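Single-letter residue listing:
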Amino acid sequence: MLLLLETRIFDVWCLHIPVKDRTSFTGLVKLVERTVRSENNRFPNRPIYLVGESLGACLALAVAACNPDIDLVLILANPGTSFKKSQLEPLIPLLALMSDQLQLSLPYILSLMTGDPLKVTMDDVAEGVPLQQTIGELSQHVAAMSSYLSVLADILPRETLLWKLQMLKSASAYANSRLHAVKAQTLILTSGKDQLLPSPDEGQRLHSLLPKCENRLFSDSGHFLFLEDKVDLVTTIMGATFYRKGAYYDYISDYVQPSPYAFKKIYESFGWVRFATSPVMLSTFEDGKIARGLAGVPSEGPVLYVGYHMLLGFELSSMISQFFFERNILLRGIAHPSMFRRLKEGKLPPMSQFDTFRVMGAVPVSGTLFYNLLSSNAHVLLYPGGVREACHRKGEEYKLFWPEQTEFVRMAARFGAKIVPFGVVGEDDFFEVFFDYDDQMKVPFLRDYILEISEQSESVRTEEQGEVGNQDMHLPGILPKFPGRFYYYFGKPIETKGREKELRDREKAHELYLEVKSEVEKCLAFLKEKRESDPYRYLFTRLSYQATHGFTSEVPTFEV
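Since we're looking at a predicted model, the values are computed, not measured. (Residues numbered from 1 in each chain as written. Predicted model: local features only at pLDDT ≥ 70, side-chain atom pairs only at ≥ 80, totals over all residues. Heavy atoms only, no water.)

Q: Help me out: how do you make sense of a nonpolar patch on the surface in this one?
A: Taken together, the side chains of Phe 482, Tyr 538 and Phe 540 present a nonpolar region at the surface, about 370 Å² in accessible area. With respect to the element layout, Tyr 538 can be found in the loop between helix 20 (506-530) and helix 21 (539-549). (Patch = residues over 30% accessible without salt bridge, like charges linked within 9 Å, V, L, I, M, F, W, Y side chains within 5 Å. Areas by Shrake-Rupley, 256 points an atom, 1.4 Å probe, with all protein chains shown as cover. Salt bridge = Lys/Arg side-chain N within 4 Å of Asp/Glu carboxyl O. Helix = DSSP H or I, 4+ residues; strand = E, 2+ residues; numbered from the N terminus.)

Q: I would appreciate a short explanation of the packing of helix 14 (residues 367-375) against helix 16 (residues 407-414) in the present structure.
A: The description of two packed helices rests on the angle between their axes and on the distance between the axes. Running from N to C, helix 14 and helix 16 cross one another at 30°; their axes reach a closest spacing of 10 Å. By the angle class used here, helix 14 and helix 16 are roughly parallel. Crossing hand, helix 14 versus helix 16: right-handed. Contact residues: helix 14 offers Gly 367, Phe 370, Tyr 371 and Leu 374, while helix 16 offers Phe 408, Met 411, Ala 412 and Arg 414. Residues belonging to the contact of helix 14 with helix 16 are distributed by class as follows: six nonpolar, one polar and one charged. (Axes fitted to C-alpha atoms, helices over the stretch in contact; angles between N-to-C directions. Parallel < 35°, antiparallel > 145°, perpendicular 65-115°, else oblique. Left-handed = near helix turned anticlockwise from the far one by under 90°. Contact = heavy atoms within 4.5 Å. Nonpolar A, V, L, I, M, F, W, Y, C, P; charged D, E, K, R; others polar.)

Q: Sorry, what's going on with unusual backbone geometry here?
A: For residues other than glycine, phi is negative in most cases, and the peptide bonds are mostly trans. Of note, the amide linkage connecting Gly 301 to Pro 302 takes the cis form, showing an omega dihedral of 5°. Among the secondary structure elements, Pro 302 is positioned in the loop between strand 8 (290-292) and strand 9 (303-307). Here the phi dihedral of Ser 278 falls at roughly 40°; this positive angle occurs in a residue that is not glycine. Looking at where Ser 278 falls in the secondary structure, it is placed in the loop between helix 11 (271-277) and strand 7 (280-284). In this structure, Leu 312 is a non-glycine residue whose phi angle is positive, near 60°.

Q: Help me out: how do you make sense of the side chain of Arg 388 in this one?
A: Relative to the helices and strands, Arg 388 is located in helix 15 (residues 386-390). Within the structure, Arg 388 has its side chain in polar contact with the side chain of Glu 396 (distance 3.0 Å). (Polar contact = N/O pair within 3.5 Å; in protein donor to acceptor, adjacent residues only side chain to side chain.)

Q: Can you help me understand the sheet that holds strand 7 in this one?
A: Where strands meet in a sheet, backbone hydrogen bonds hold them as pairs that are either parallel or antiparallel. Taken in spatial order, the eight strands make up an open sheet running 8-7-16-13-9-12-10-11, and their pairing is mixed. Bordering the open sheet on either side are strand 8 and strand 11 (363-364), each of which pairs with just one other strand. As paired elements, strand 13 (residues 418-425) and strand 16 (residues 487-490) share four bridges and run antiparallel to each other. Bridging across to strand 16, Phe 422 finds its partner in Phe 490. On top of the sheet, helix 12 (residues 316-327) reaches strand 7, strand 9, strand 10 (331-335), strand 12 (379-382), strand 13 and strand 16; it is set at about 50° to strand 16, its chief contact. (Pairing = 2+ DSSP bridges.)

Q: Sorry, what's going on with the nonpolar core here?
A: Taken as a class, soluble globular proteins show a tendency for nonpolar side chains to be buried jointly. Counting residues in each nonpolar core, the largest one holds 76 residues, and the members touching the most others are Tyr 305, Met 319, Phe 323, Phe 408 and Phe 490. Top element by residues in this core is helix 20. It accounts for eight residues. If you look at the next biggest cluster of nonpolar residues, it comprises 31 residues, including Leu 28, Ala 57, Leu 72 and Leu 76. (Core = buried A, V, L, I, M, F, W, Y, C linked by side-chain atoms within 4.5 Å. Buried < 20%, exposed > 50% of the residue type's maximum accessible area, 1.4 Å probe, protein only.)

In structure tokens:
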């Protein structure tokens, strides 16, 4: 059970229960409650995080139910509230009746709790560990586990195990009886391979009962989630936007850039996209010189990147990771509100699917957030075409759907931000839209589905008419093609510094707006023309090149 308080990120306090300790569950609740109240008195304007696993989750829920006046954030892993539905409850009368004879089966019981050596081995294989070494380590692991479980069974006598199970039973009953009183913001983490508790089902049950609750599922994890190397608790909290320093989450002051380790995991998860698309990135210096790579983009913010939104946003992962690795620049995207909050439950993908975007600094569409990002000298990514562009119709590749409003120009000028227009092409080398929005709206059940998911999140561009204002969420039907390549071109930065007074005039602002739009279209036209001369445009030629020069080598492209 962990008690967390914010310093840089968290100051970690740990509640340790010794093996021979026999404090009752209500006694533990009072102990944690006293500590929570003491810290709340010291820092009344800061939230207190209670992180609990199994029994600890019950303890956190109990403390939250008894202290609705304190700002608590609960992080619960595989909550023990599902004890009555688990395979553990029948062990209590069995342990009580069978006396010390059950000690012989304790190693089996404990083996359910200590992980899966075969899973560890397969992870090693996936990471490239030599097979001979892997098999040797598996043999050693199994032998060591057998010895360890035998020793652990001696250390953990029947009476202690019985006490722990009875404690979990009473904790589960206590917490369940008070769930109605829990008002705290709650994040539930469940393991798909929990062999002790039916955790995924319990996560869904608690989600339906707790008012401010979100779930995250770790499909390949076991019961002791926090002991697994691949589980990054801080990144999980950040991705769910549960980290805050005050009463409410602030997308600017509460945002923490991902650690190198967290970013490496995100980068590796999109490795297949980089392999398939072999992205080419070009940028333009202020003198107009074009270079491969991102050397031409401005180093110092505020900078506003304005460009074309490719089909389903496939350009994002390679672009954001390249900025981070090559220039140590974090692009903070302005994204659709459905990635951050929902007006009601429905058929949109679960919020967890957008955690990576939030970890990488995306914020919902908002004039206030746009203002605050630029005022903090951020590098901001803006797609004026929004959903209409990313979910375009048949034959609309590389067509811009921008509104007439020029607000982003005047906002950029207010902070002297440089505007970098950019284009991305290559989607037509990968996909072909064959069943678009117009087709789907002709099918009654699909039309109802689109309208239903549109009601789940806040609408954007409600003031716009026609096609530009149509931001209905839907998934176009696409056919894959033999993979081509993605090309990115960042145009010459456009200065707004010193033009704030000039650009307050709506006509002048509109002129610059049209200039930015024209530059984006020129970037697209440039790339569509130049890719025709790329000898490595298609996957087969790239694979042939890498087979000769090494699969980590950078594949050439057209002459700039």
